[in-house]
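Residues per chain are reported as follows:
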There are 2 protein chains.
Amino acid sequence: MTFKKMGESMNRVREYRRAKKLSQMALAEEIGVARQTINLIENGKYNPSLDLCLKLAWVLDTDLNTLFWRDEDEEK
Amino acid sequence: MTFKKMGESMNRVREYRRAKKLSQMALAEEIGVARQTINLIENGKYNPSLDLCLKLAWVLDTDLNTLFWRDEDEEK
DNA sequence: TAAAAGTGTCAAATATATATGACTTTTAAG
DNA sequence: CTTAAAAGTCATATATATTTGACACTTTTA
């Protein structure tokens, strides 16, 4: 299992979701979004909106900084 | 001057932009986005994408947590 | 080992973020 | 006070996030 770098951002949604023993479906419902949306985000296929990111952080009991970061350009 | 709560998120983009003495135009150019986009975000008129948020945090020398937060539902 | 639940993915439709160009109003300098 | 830059805003157009429904593949559990 290797990592695919498709977008410009990376995230730990899957990790945090599993820690809470939620399925993609369950998480999607809690947040009020489609299951596919969660799936695509976890697989880095696209670029969620800020609101969605905030809801994810909220439901997963974490914050934006720990959940999302940019993959390229490393440190400043 | 009073605050309008239009979206579900709040931000300190204007504050951090001014601290760097950048106009909306200058910031927009640095990030590669339209000036109106910056304007709308600063005024809470919509919901930027995660990539844009990350670029903003990057250019403004800060991070997601300090730049963006949800206005409603306060603390958990 | 069979069934069920969870996940990846595709195509088509819809909602909305973002772009472009123009114009008005506000703010900052001279 | 006058002017120019900066900021707010509108309408139209485009790109893309998100939805819906469906189906195959994989993992879990009975």
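Just so it is clear, the structure is predicted and the values come from calculations on it, not from any experiment.

Calculation rules
- Residues numbered from 1 in each chain as written.
- Chains lettered and ligands numbered in written order.
- Predicted model: local features only at pLDDT ≥ 70, side-chain atom pairs only at ≥ 80, totals over all residues.
- Heavy atoms only, no water.
- Near = heavy atom within 4 Å.
- Polar contact = N/O pair within 3.5 Å; in protein donor to acceptor, adjacent residues only side chain to side chain.
- Helix = DSSP H or I, 4+ residues; strand = E, 2+ residues; numbered from the N terminus.
- Salt bridge = Lys/Arg side-chain N within 4 Å of Asp/Glu carboxyl O.

1. Digging into the protein's contact with DNA strand C
Neighbouring DNA strand C are 19 residues, the closest being Gln24 and Arg35 of chain A together with Ala34, Gln36 and Thr37 of chain B. Taking the atoms of DNA strand C that fall within 4 Å of the protein, sugar and phosphate contribute 55% of them. Contact between DNA strand C and Asn39 of chain A: a phosphate oxygen at 2.8 Å from a side-chain N or O atom of the residue. In this structure, a phosphate oxygen belonging to DNA strand C sits 2.8 Å away from a main-chain N or O atom of Ala34 of chain B. Counting residues per element, the ones that place at least two in the surface near DNA strand C are helix H1 (13–19) and helix H3 (35–42) of chain A together with helix H3 (35–42) of chain B.

2. Some details on the pattern of salt bridges
Residues and elements named next belong to chain A. The tally for this structure, following the rule as stated, stands at six salt bridges over all chains. Two residues, Arg14 and Glu42, come together in a salt bridge whose shortest N-O distance is 3.1 Å. In this pair, Arg14 sits in helix H1 while Glu42 sits in helix H3, placing the two residues 28 residues apart along the sequence. The residue Lys20 makes a salt bridge to Asp61 at a minimum N-O spacing of 2.6 Å. Here Lys20, found in the loop between H1 and helix H2 (24–31), pairs with Asp61, found in the loop between helix H4 (50–59) and helix H5 (64–67); they are 41 residues apart in sequence, far enough to count as distant. If you follow the salt bridges from partner to partner, you end up with Arg14, Arg17 and Glu42 in one network.

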